[in-house]
Amino acid sequence: MGSVGADDTSHFTVLITGFGPFKKDYPINPSWEIARSLPEWLPPLRAKSTTATPNPGPGPDPTPSNPPIPPVRLVVHPEPIRVSYAVVRDLVPKLWRGTAGGPPPPHQPADGGEGGSVRARPPRIDLTIHIGMAGPRLFYSIERRGHRDGYGMEDVDGVLLGDEARRGREGPGWVWEGVPAELETELDLEDVLGRWRGSSPNNMDLRISEDAGHYLCDFIYFSSLAHLYKAGAKRKVLFLHVPSDASQHSIALGRELLLQLVRSVVASEMARDGDLKAAEAS
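Identification of the protein as Peptidase C15, pyroglutamyl peptidase I-like protein from Trichocladium antarcticum is taken from an unreviewed UniProt entry.

Novice: Run through the nonpolar core, naming residues and quoting values.
Specialist: Core analysis: the biggest nonpolar cluster contains 69 residues, and Ile129, Leu258 and Leu261 have the highest contact counts within it. Examining the composition of this core, we find that 11 residues originate from one element, helix 6 (residues 248–281), more than from any other.

Novice: Can you lay out the pattern of salt bridges for me, pointing to particular residues and giving the numbers?
Specialist: Tallying each qualifying case throughout the model produces 18 salt bridges. Between Arg82 and Asp157 there is a salt bridge, with its nearest N and O atoms 2.5 Å apart. Highlighted residues: Arg82 in the loop between strand 2 (72–76) and helix 2 (85–97) and Asp157 in the loop between strand 5 (145–147) and helix 3 (163–170), separated in sequence by 75 residues. For Arg82, a relative accessible area of 44% translates into the label partly exposed. Judged by relative accessible area, Asp157 falls into the partly exposed class, the value being 38%. A salt bridge links Glu269 to Arg272; the nearest nitrogen and oxygen atoms lie 2.9 Å apart.

Novice: Account for the sheet that holds strand 8 (residues 237–242), naming residues and giving values.
Specialist: The strand order across the open sheet formed by 6 strands is 2-1-3-8-4-7, and the pairing between neighbours is mixed. Strands with a single pairing partner mark the edges of an open sheet, and in this sheet they are strand 2 and strand 7 (206–209). Each strand axis lies, on average, 25° off the axis of its neighbour in the sheet, ignoring direction. Pairing of strand 1 (residues 12–17) with strand 3 (residues 127–133), which is carried by 4 bridges, proceeds in the parallel orientation. Across the sheet, Leu15 pairs through a bridge with Thr128, a residue of strand 3.

Novice: Describe the side chain of Asp218, and please don't skip the residues or the numbers.
Specialist: The residue Asp218 is located in helix 5 (residues 216–231) in this model. Of the side chains with opposite charge, Arg145 lies nearest to the buried Asp218, which makes no salt bridge, at 8.9 Å. For Asp218, the side chain forms a polar contact with the side chain of His147, separated by 2.8 Å. Ignoring any residue separated from it by four or fewer positions in sequence, one finds Asp218 in contact with Arg145, Gly146, His147, Tyr151, Asp211, Ala212 and Gly213.

Rules used in this analysis
Residues numbered from 1 in each chain as written. Predicted model: local features only at pLDDT ≥ 70, side-chain atom pairs only at ≥ 80, totals over all residues. Heavy atoms only, no water. Core = buried A, V, L, I, M, F, W, Y, C linked by side-chain atoms within 4.5 Å. Buried < 20%, exposed > 50% of the residue type's maximum accessible area, 1.4 Å probe, protein only. Helix = DSSP H or I, 4+ residues; strand = E, 2+ residues; numbered from the N terminus. Salt bridge = Lys/Arg side-chain N within 4 Å of Asp/Glu carboxyl O. Pairing = 2+ DSSP bridges. Axes fitted to C-alpha atoms, helices over the stretch in contact; angles between N-to-C directions. Lys, Arg positive; Asp, Glu negative; His and termini not counted. Polar contact = N/O pair within 3.5 Å; in protein donor to acceptor, adjacent residues only side chain to side chain. Contact = heavy atoms within 4.5 Å.

As structure tokens, then:
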């Protein structure tokens, strides 16, 4: 993963995923509808509203209340992720390694895989945001931590995770052997939340959550956190829970809130990097 820099000639890359349908109850998953509606580049900050801004292309983004941030490229995983333990476990390492497919970066040709259908990811991911829905509740929340254990619900294929038995069989070869039972993002969520509230539409209920739910949302979050933990990398990953409402208005609002969340995370990371450099120089 690359680091955030103040050099406006470089850009910050954010990978975003959304889930597919959840059984017959939710044939349209708003997490994917929000993700697939995103522009390729983060738009400049506008006045607060409930409608998203047009895509102006890359460029620095100075605002009165936030430092300038570099251009931010939004890379959306090209398909909704099936609400399946097996699919998520197989996919997440590929997302971080850049081998999960999707459109190539600008001026980069497709990979030479069979039929040219597999395309390379950008060489650097600075941040990943996984999105999922959280039932009929009306608020939006960013999750602090993911959990390794306690997945007792069947996925959309009627399959349980079964890690307790797998861990006993595989021993030291188990995929999460040596990984703590809980892992937290290394983002400063309190700072991110303050910035997010400050740039989002008024009267929105935006929160930090301490429990991602012990289901597929929690599972994909922990899978990313665990992959980075095992790699010795900084855990620059976040999970966003959105309401289950898939109406056009709700998707447009979710899109705007996600764009402001991305902006808030990048600004927070830049501010933290600046503080570290100032401390090192003093």
